[in-house]
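Next come the chains, spelled out residue by residue.
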Amino acid sequence: MKHIVTDLGHLVHQVDLGKYQEKVNQINLWIKEKTGKGNDFLGWVDQPIAYDKDELKAIKEAADYVRNNYDVLVVCGIGGSYLGARAAIEALGGLTRKSPEIIFMGQTLDPEYVGDVLDYLKGRKFAINVISKSGTTTETAVSFRLLKELLEKNIGVEMARKSIFATTDKEKGALLTLAKKEGYTTFILPSDIGGRYSVQTAVGLFPIAVAGFDPEEILEGSAAAREDTNDPDLSKNEAYKYAVARYALYEEYGINGEMLISYSPSLVQVGEWWKQLFGESEGKSDKALVPMSATFTTDLHSLGQFIQQGTKSFFETIIRKGSYRKDVEMPHDEENLDGLNFLEGKPLSYINEKAYEGTLLAHTKDAGRDNIVLSIDKLDAFGMGYLFYFFERACAMSAYLLGINPFDQPGVEIYKKNMFHLLGKPGY
Ligand code: PA5
């Protein structure tokens, strides 16, 4: 059963999928047989079925320990080392998720944010999950040094060691050296999986498990998506259908951007994860769609005007939920002073759906803007796993269509070098 269906029926421009089939067949082999550009980073393709079972057991046990003994878990990482976990936890948990609280740090150098987190943690019982594949990322390393110092002051060096969980490369890096020396519980990020494709490893699974969601369900969802995306036939493969449509809009019609839209504030971080996945994978050689995201109906009151009548430089991709984890019914009001009795008895899911339908019509028929609709039946842990893998597979296909290696990020190094030079780091 397909858990995400790609609807291209709302495109304004015509896209002929058939003419890309041969190329897609070829690229699919590069992905499956791990022979494409950057093939030493294609480990994520089989990770949902090839994951280390002992590691998963250790992740679950450690997560139970943190859940039973701490009030807060601080996840310290940046980019692919935190966005997936954050996306899943917010999408699945909403505002009412029970403790432990999950706080993200290591993704900024802003002294106010960092200072606020440190102040907030004083006197609280917290554990740390420091995540860095390279082990040398400045934002993460700076935050971790501060967190470690605070924790050691709070509970002493010995207890601090038991409260720190490190996720890093198996063989190398400063974090691995430190973790070994201090004796931290350590989880492994396989060397053939890059940060932005790592949510199905301990990078995503440990924080997700601490937040109370089953990491096995995430993996099962990803495994189902893997199964559904292995066949390159564009009449069946919904991820490739999406990848080819976005490529065609860019290449054939010169549309330069894509806005990922959902109708749920709990999916804001899914947008952040998706922007990193596509932005860092494809944005090279002066090519690729600009990835943007928005939440409707909220942003219809900010970006809505621009989308309707501003420059036609982007298309929209809508994540359409087929069900909600809770619903709310509009009550009757005797006086009806707000004039809303016409909605009496209607669930908000119905009203949200009508907002979606009305907006789709306005943006396609009236505004002439291309819309792709990705309908997902259920966004539980399985559904999140499915969605993660769906986009990962689509992104690899899309980058290869552009002739880009999806798994490196040479441009990111430039700001780091400049910053190190300005900070006086030895060797820069
Ligand atoms: O996707 C990527 O590879 C990057 O976004 C990295 O995840 C990010 O730069 C953090 O790197 P590291 O895990 O080495 O600290």
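Quick caveat, the model's predicted, so the values are computed rather than measured.

Student: I would appreciate a short explanation of the pairing of strand β6 (residues 185-189) in the present structure.
Tutor: For a regular strand, side chains alternate in direction, first toward one face of the sheet and then toward the other. Of the pairings in the sheet, the one linking strand β5 (residues 164-169) to β6 comprises five bridges and is parallel in character. When the sheet's bridge partners are listed, Ala166 is paired in β6 with Thr186. Crossover β5 to β6 through helix α8 (residues 174-182) is right-handed.

Student: I would appreciate a short explanation of the packing of helix α4 (residues 83-93) against helix α9 (residues 202-210) in the present structure.
Tutor: If you want to describe how two helices pack, look at the angle between their axes and the distance between the axes. The geometry of α4 relative to α9 is characterised by a closest axis approach of 8 Å and an angle of 35° between their N-to-C directions. Viewed along their axes, α4 and α9 form a crossing whose handedness is right-handed. Note on element contacts: α9 touches α4 through Val203, Gly204, Pro207 and Ile208, opposite Ala85, Ala88 and Ile89. By residue class, the composition of the contact of α4 with α9 is six nonpolar, one polar and no charged.

Student: Just to check I follow, could you spell out helix α14 (residues 348-366) for this structure?
Tutor: Note on helix geometry: an α-helix contains 3.6 residues per turn, so any two residues three or four positions apart are oriented the same way. Spanning 19 residues, α14 covers 26 Å between terminal C-alpha atoms, matching the ideal 27 Å at 1.5 Å per step. What α14 keeps buried is the set Ser349, Asn352, Glu353, Tyr356, Thr359, Leu360, Ala362, His363 and Thr364. Those residues of α14 hidden inside the fold are in contact with α13 (304-309), β9 (314-321) and β10 (371-376). With its phi angle positive at about 70°, Gly368 sits one or two positions after the end of α14.

Student: How should the site of the ligand be read in this particular structure?
Tutor: Residues in close proximity to the ligand total 13 residues, the closest being Ser81, Ser132, Ser134, Thr137 and Gln276. Side-chain polar atom of Thr137 to an oxygen atom of the ligand: 2.5 Å apart, as the coordinates give it. When the free accessible area of the ligand is taken as 380 Å², the share hidden by the protein chains comes to 87%. In terms of residue class, the shell around the ligand is built from one nonpolar, nine polar and three charged.

Student: Help me out: how do you make sense of the nonpolar core in this one?
Tutor: Where a protein is soluble and globular, its nonpolar side chains tend to be buried together. Residues Trp44, Phe206, Tyr242, Met384, Leu387 and Phe391 are the most contacted members of the largest nonpolar core, which totals 96 residues. At 16 residues, helix α15 (residues 381-402) tops the list of elements feeding residues into this core. Each residue touching Tyr242, except ones within four places of it in the same chain, is listed here: Thr6, Glu258, Trp274, Phe278, Thr317, Ile372, Leu374, Phe390, Phe391 and Ala394. Counting 22 residues, the second largest nonpolar core, distinct from the first, contains Val117, Phe126, Val130 and Tyr184.

Rules and cut-offs
- Residues numbered from 1 in each chain as written.
- Predicted model: local features only at pLDDT ≥ 70, side-chain atom pairs only at ≥ 80, totals over all residues.
- Heavy atoms only, no water.
- Pairing = 2+ DSSP bridges.
- Helix = DSSP H or I, 4+ residues; strand = E, 2+ residues; numbered from the N terminus.
- Right-handed = clockwise from strand over helix to strand, strands pointing away.
- Axes fitted to C-alpha atoms, helices over the stretch in contact; angles between N-to-C directions.
- Left-handed = near helix turned anticlockwise from the far one by under 90°.
- Contact = heavy atoms within 4.5 Å.
- Nonpolar A, V, L, I, M, F, W, Y, C, P; charged D, E, K, R; others polar.
- Expected span 1.5 Å × (residues − 1).
- Buried < 20%, exposed > 50% of the residue type's maximum accessible area, 1.4 Å probe, protein only.
- Near = heavy atom within 4 Å.
- Polar contact = N/O pair within 3.5 Å; in protein donor to acceptor, adjacent residues only side chain to side chain.
- Areas by Shrake-Rupley, 256 points an atom, 1.4 Å probe, with all protein chains shown as cover.
- Core = buried A, V, L, I, M, F, W, Y, C linked by side-chain atoms within 4.5 Å.

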